[in-house]
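One letter stands for each residue in the lines below.
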Amino acid sequence: MTQRAVDSSGKQKPRRPRPAPIDAGSELDPVHPMKLPASAVRSSGLTAAEVAERVARGEVNDVPVRSSRSIGEIVRANVFTRFNLIIGVLWLVMLFVAPFQDSLFGYVIIANTGIGIVQEWRAKKTLDGLAVIGEAKPTIRRDGAAAEISTSEIVLGDLVELGPGDKVVVDGAVAEADNLEIDESLLTGEADPVLKQPGDPVMSGSFVVAGGGAFSATKVGREAYAAQLAEEASRFTLVQSELRSGISTILKYITWMMVPTAIGLIISQLVVKKTDLKDSIARTVGGIVPMIPEGLVLLTSVAFAIGVVRLGRKQCLVQELPAIEGLARVDVVCLDKTGTLTEGGMDVTEVRTLGGADDPYIRQVLANLGASDPRPNASLQAIIDAYPSPNGEAWRCTEALPFSSARKYSGAAFDEGSGKASSWLLGAPDVLLPDHDPALGEIEQLNQEGLRVLLLARARGELEGPQSAAGAEPAALVVLEQRLRPDAGQTLRYFADQRVATKVISGDNAVSVGAVAGKLGLPGAEHTLDARRLPTDPDDMATAMEENAVFGRVTPQQKREMVAALQSRGHTVAMTGDGVNDVLALKDADIGVSMGSGSEATRAVAQIVLLNNSFATLPSVVAEGRRVIGNITRVATLFLTKTVYSVLLAILVVCFQVEYPFLPRHLTLLSTLTIGVPAFFLALAPNKERARPHFVRRVMRYSVPSGVIAGIATFATYLIARHYYTGPHALDAETSAATLTLFLVSMWVLAIIARPYTWWRIVLVATMGAAFLIVLVVPWLQGFFALKLVGAVMPWAAVGIAVVAATALEFTWRLVSRRFPV
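All figures in this text were calculated on a predicted structure; none of them were measured in a lab.

Description of the overall build of the protein
Now for step 1: The helix and strand tally for the protein stands at 27 helices and 21 strands.
Now for step 2: By the burial criterion, 58% of the 822 residues in the protein qualify as buried.
Now for step 3: When the accessible area of the protein is evaluated, it comes to approximately 32,500 Å², of which 59% is carbon and sulfur surface.

Structure below.
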């Protein structure tokens, strides 16, 4: 059986070619004897005929794990909405009782819905394609040969091999175990790993933390314990999003305001005034439609979907859509060193013997340690490259101690032949050596240079047990040089510029990690702390986390506690990792980010997977999230300002018992020029401002006063015009004057929201103003939209009222910013 190795930071590395399968009757793998205890018999797995038979019976792991909604779900979600139903009914009414131009709002909704469907379909294609690339492929043994296959190809009775970091993909029973430790915390909540023996059950959703083995699949497909959980967890979803939940809350309140206001408006226009029926219906609908911020939900969905597509082009798989939003709110990023700041590969720079050890013998020990593991980690691979497997007969491995993130070392026992035996440990020097050992001083100097040091020590007793390292005799220091990622320094500088604190949390020596971080320009890299001296009190731990930037010798459980400590201080924490020791912390962090080459377990719990394994992709994710949240906050203010002034105008019309001043065509024109078109461009513009909480409060504190000012100014113009104009066409003139005021005030709201100005924002606002001016001066458009300014006095009065309202807007926005900061 096989075992995946990890280095002293818990990192899983690419597998080497497996040894050739052995006969079922042989007791030991002649090349890698440590893989099987002497009493074990290795199974060759199912035969091709048995697999075909099970496939024919339907005993296949065919759970449809999807990364996105189906086309049908996308269409239903975009078409069958509460507000689409209301607008659809009103649109059908207008098609029968009013001219074509008064039903334009219905065609706008059709276009909006189509845009939403197309954009989410594009996001679906991107997500589905990336999900296939990042899909975990378990190793299955069939006909005595091991091969990686898709999870959906597993059949009942398949023998699935396991190594550190591998996720259990279906339920089963252990068939082979070599110190196999499985973490079931994602299912049971228990953080302590469980030592598994042959015959013990394993559940899908758990993962291997140490050792190796194989299990036989006993439940596949929908019968597997975690099948439904896995399917739900990997879907394209908008749940648990402050942005989406905030918009839902706003829409709920709008519905409550709309119903009584609309009823009052209907009664006012149809019963009290007793005017022309068709005209009354048209003006009633004109009062109801603008109360609905129908484009707000569309733009939010479009912004998220476009974000998915943009990130997908950079090989970033967003497994949970709110992660884009969540990472934009992050103010602390916790990083691991290996695989994030440094590349996976290492080089052995030297081997320093200790205590008079024989140099050729030490090299032979290292060569046999490397030859004994078919899945070496980065550290062991560097040793293998420096000291290849001996040409002669290899030592016989009689016992193996797999690496554990909690232990920080691994070990092996050998029969060297001629009756000579030895046991060796390889791992962290400051864990294997006593506190005052003279070699630690030498190691400290090497760590300060950013070099990584492993200690090779001869074990005195058995490898198993908590005291396996007690009394170990130091034999040599293996000095490794790590390769820095060329883009890591630039990424760290980006987070520093964005006022996002960066914490490096590693299983390596703290001084060594600090030296590497210092070379990359991490602020506060000199503030290092050995996690073994970290306070256990959560509040004291939080203080230590805020005061230091680099932490070494961190255990997996400590990583989880450190994330919780930061969260207790109100921080929004992102955790990156790719090793099995990162899983618990990734799960508890606000945002979990996994490398594409990481273990199956880390990819399963992370919300974001960097398929290109590049830490430099994170700024793009942060920027995309900030763009979405910041811009949606902007455009939400536009939409809700319209809702507020529409409700207020309806209430004033009912109270003053007058005709509603607008037809649907008027408000369709205003909404398009002051909200619809500008909001689309503003929602997709770059935005680097860090997202802040309290979305509803931030939006409503501006949209409510803005809507009130716009509504009062418009109604004031309308009342003045009613006293000024007389005759059969007076209502058309009154509507035109009121429309001018409302447009100018709405344009000023747009001008405020568009700040800070750039050339394209100025062009956008100016273009919308020019478009309205064209409508006022082109005769055909005047007739189409029923807009014609009569005389000079009233139009200039409308402009004057708009100027006063704009002044009030500026004063109110400044006052609100000072008195009600968020």
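Describing the side chain of Glu810
Now for step 1: With respect to the element layout, Glu810 can be found in helix H27 (residues 793-819).
Now for step 2: Residue classification places Glu810 among the buried positions, given a relative accessible area of 14%.
Now for step 3: Beyond its immediate stretch of four places on either side in the chain, Glu810 contacts Trp748, Ile752 and Arg755.

Focus: a nonpolar patch on the surface
Now for step 1: Residues Ile71, Val75, Val79, Phe80, Val118 and Trp121 make up a contiguous nonpolar surface patch of about 530 Å² in total accessible area.
Now for step 2: Those elements giving two or more residues to the nonpolar patch turn out to be helix H2 (71-79) and helix H4 (104-133).
Now for step 3: At 3 residues, the largest contribution of residues to the nonpolar patch is made by H2.
Now for step 4: Looking at the element boundaries, Val118 is found in helix H4.
Now for step 5: For Val118, a relative accessible area of 46% corresponds to the partly exposed category.

Regarding the pairing of strand S13 (residues 420-427)
Now for step 1: Most of S13 is tucked away: 6 of the 8 residues are buried.
Now for step 2: Note: strand S12 (residues 409-417) against S13, 8 bridges, orientation antiparallel. In the sheet register, Ala412 faces S13, and the bridge partner there is Trp424.
Now for step 3: The turn linking S12 back onto S13 is made up of 2 residues, and Ser418 within it adopts a positive phi angle of 60°.
Now for step 4: As paired elements, S13 and strand S14 (residues 452-458) share 4 bridges and run antiparallel to each other. Residue pairing for S14: Trp424 is matched across the bridge by Arg458.

Topic: unusual backbone geometry
Now for step 1: A cis amide bond links Arg755 to the next residue, Pro756, at an omega of -5°.
Now for step 2: For Pro756, the position within the fold is in the loop between helix H24 (730-753) and helix H25 (759-777).
Now for step 3: Look at Gln315: it is not a glycine, yet its phi comes out positive at around 60°.
Now for step 4: Looking at the secondary structure, you find Gln315 in the loop between helix H9 (294-312) and strand S8 (316-318).
Now for step 5: Judged by its relative accessible area of 30%, Gln315 is partly exposed.
Now for step 6: Non-glycine residue Gln657 carries a positive phi angle of around 55°.
Now for step 7: Examined against the element boundaries, Gln657 turns out to sit in the loop between helix H21 (618-656) and helix H22 (664-683).

Considerations on empty space enclosed by the protein
The rolling of a water-molecule-sized probe over the atoms marks out the regions of remaining empty space.
Now for step 1: With the rule as written, the count across this model stands at 5 cavities of 30 Å³ or more.
Now for step 2: Around the second largest cavity, the lining is made up of 12 residues, and of these Arg452, Val453, Asp508, Asn509 and Arg553 lie nearest the centre.
Now for step 3: Listing elements by their share of the lining of the second largest cavity, those giving two or more residues are helix H14 (439-448) and S14.
Now for step 4: If one sorts the elements of the lining of the second largest cavity by residue count, S14 sits on top with 3 residues.
Now for step 5: The class makeup of the residues in the lining of the second largest cavity is 5 nonpolar, 4 polar and 3 charged.

Considerations on the packing of H21 against H24
Now for step 1: One way to put it is that H21 packs onto H24 with a least axis distance of 10 Å and a crossing angle of 155°. By the angle class used here, H21 and H24 are roughly antiparallel. In the crossing of H21 with H24, the sense of the turn from one axis to the other is right-handed. Counting all contacts with H21, which are made through Arg634, Thr637, Leu638, Thr641 and Tyr645, the residues of H24 involved are Leu742, Ser746, Val749, Leu750 and Ile753.

Thoughts on the packing of aromatic side chains
Now for step 1: Applying the stated criterion to the full structure yields 14 aromatic pairs.
Now for step 2: With a centroid separation of 6.0 Å and 90° between ring planes, the pair formed by Phe680 and Phe681 is classed as edge-to-face.
Now for step 3: With a relative accessible area of 46%, Phe681 lands in the partly exposed category.
Now for step 4: For the cation-ring pair, Lys252 lies above Tyr253, with the distance from its terminal atom to the ring centre recorded as 5.6 Å.

Concerning the pattern of salt bridges
Two side chains with opposite charge may pair up if their charged atoms get near one another.
Now for step 1: Evaluated as defined, the whole model comprises 22 salt bridges.
Now for step 2: Notably, a salt bridge pairs Glu624 with Arg310, separated by 3.3 Å at the nearest N-O pair. Here Glu624, found in helix H21, pairs with Arg310, found in helix H9; they are 314 residues apart in sequence, far enough to count as distant.
Now for step 3: For Arg310, a relative accessible area of 30% corresponds to the partly exposed category.
Now for step 4: Of the charged contacts in the structure, one is a salt bridge between Asp336 and Lys559, with a shortest N-O distance of 3.9 Å.

A look at the packing of H14 against helix H16 (residues 510-519)
Now for step 1: At a closest axis distance of 7 Å, the pairing of H14 and H16 adopts a crossing angle of 20°. In terms of orientation, H14 and H16 fall into the roughly parallel class. Pair H14 / H16 crosses with right-handed handedness. Side by side, H14 and H16 meet where Glu444, Asn447 and Gln448 of the first sit next to Val511, Ser512 and Ala515 of the second.
Now for step 2: Classifying every residue of the contact of H14 with H16 by side-chain character gives 2 nonpolar, 3 polar and 1 charged.

Focus on the pairing of strand S4 (residues 171-183)
Now for step 1: Burial analysis of S4 places 10 of its 13 residues in the buried class, which makes it a mostly covered element.
Now for step 2: As defined by bridge partners, S4 adjoins strand S7 (residues 207-219) across 10 bridges and the pair is classed as antiparallel. Bridged to Asp183 within S7 is Phe207.
Now for step 3: Relative to strand S6 (residues 201-202), S4 runs antiparallel, the two sharing 2 bridges. Pairing of Gly172 across the sheet is with Val202, part of S6.
Now for step 4: Inspection of the sheet shows S4 paired to strand S5 (residues 194-195) by 2 bridges, in the antiparallel sense. The residue bridging Glu181 from the neighbouring strand is Leu195, located in S5.

Let's talk about the sheet that holds strand S17 (residues 528-530)
Now for step 1: In spatial order, the strands read S8-S21-S20-S19-S9-S16-S18-S17; together these 8 strands make up an open sheet with mixed pairing. Where the open sheet ends on each side, the last strands, each with one partner, are S8 and S17. The average angle at which neighbouring strand axes cross in this sheet is 20°, direction not considered.
Now for step 2: Pairing geometry for strand S9 (residues 332-335) and strand S19 (residues 573-577), over 3 bridges, is parallel. The partner of Val332 across the bridge, within S19, is Val573.
Now for step 3: Across the sheet, helix H18 (residues 556-568) lies against S9, strand S16 (501-505), strand S18 (550-552) and S19, angled at about 160° from S19, the strand it touches most.

Describing the environment of Thr491
Now for step 1: Structurally, the position occupied by Thr491 is in helix H15 (residues 488-497).
Now for step 2: The class for Thr491 is buried, based on a relative accessible area of 3%.
Now for step 3: On a C-alpha basis, the gap between Thr491 and Pro619 in space is 6.9 Å, while along the polypeptide they are 128 residues apart.
Now for step 4: In this structure the side chain of Thr491 is engaged in a polar contact, spanning 2.9 Å, whose partner is the backbone oxygen of Asp487.

Cut-offs applied
- Residues numbered from 1 in each chain as written.
- Predicted model: local features only at pLDDT ≥ 70, side-chain atom pairs only at ≥ 80, totals over all residues.
- Heavy atoms only, no water.
- Helix = DSSP H or I, 4+ residues; strand = E, 2+ residues; numbered from the N terminus.
- Buried < 20%, exposed > 50% of the residue type's maximum accessible area, 1.4 Å probe, protein only.
- Areas by Shrake-Rupley, 256 points an atom, 1.4 Å probe, with all protein chains shown as cover.
- Contact = heavy atoms within 4.5 Å.
- Patch = residues over 30% accessible without salt bridge, like charges linked within 9 Å, V, L, I, M, F, W, Y side chains within 5 Å.
- Salt bridge = Lys/Arg side-chain N within 4 Å of Asp/Glu carboxyl O.
- Pairing = 2+ DSSP bridges.
- 1 Å grid on protein atoms, 1.4 Å probe; cavity = no way out; pocket = protein on both sides within 12 Å on 5 of 7 lines; lining within 4 Å.
- Points joined across faces, edges and corners; volume = space filled by probe spheres on them.
- Nonpolar A, V, L, I, M, F, W, Y, C, P; charged D, E, K, R; others polar.
- Axes fitted to C-alpha atoms, helices over the stretch in contact; angles between N-to-C directions.
- Parallel < 35°, antiparallel > 145°, perpendicular 65-115°, else oblique.
- Left-handed = near helix turned anticlockwise from the far one by under 90°.
- Phe/Tyr/Trp six-rings, centres within 6.5 Å; stacked < 30°, edge-to-face > 60°.
- Lys NZ or Arg CZ within 6 Å of the ring centre and 35° of its normal.
- Polar contact = N/O pair within 3.5 Å; in protein donor to acceptor, adjacent residues only side chain to side chain.

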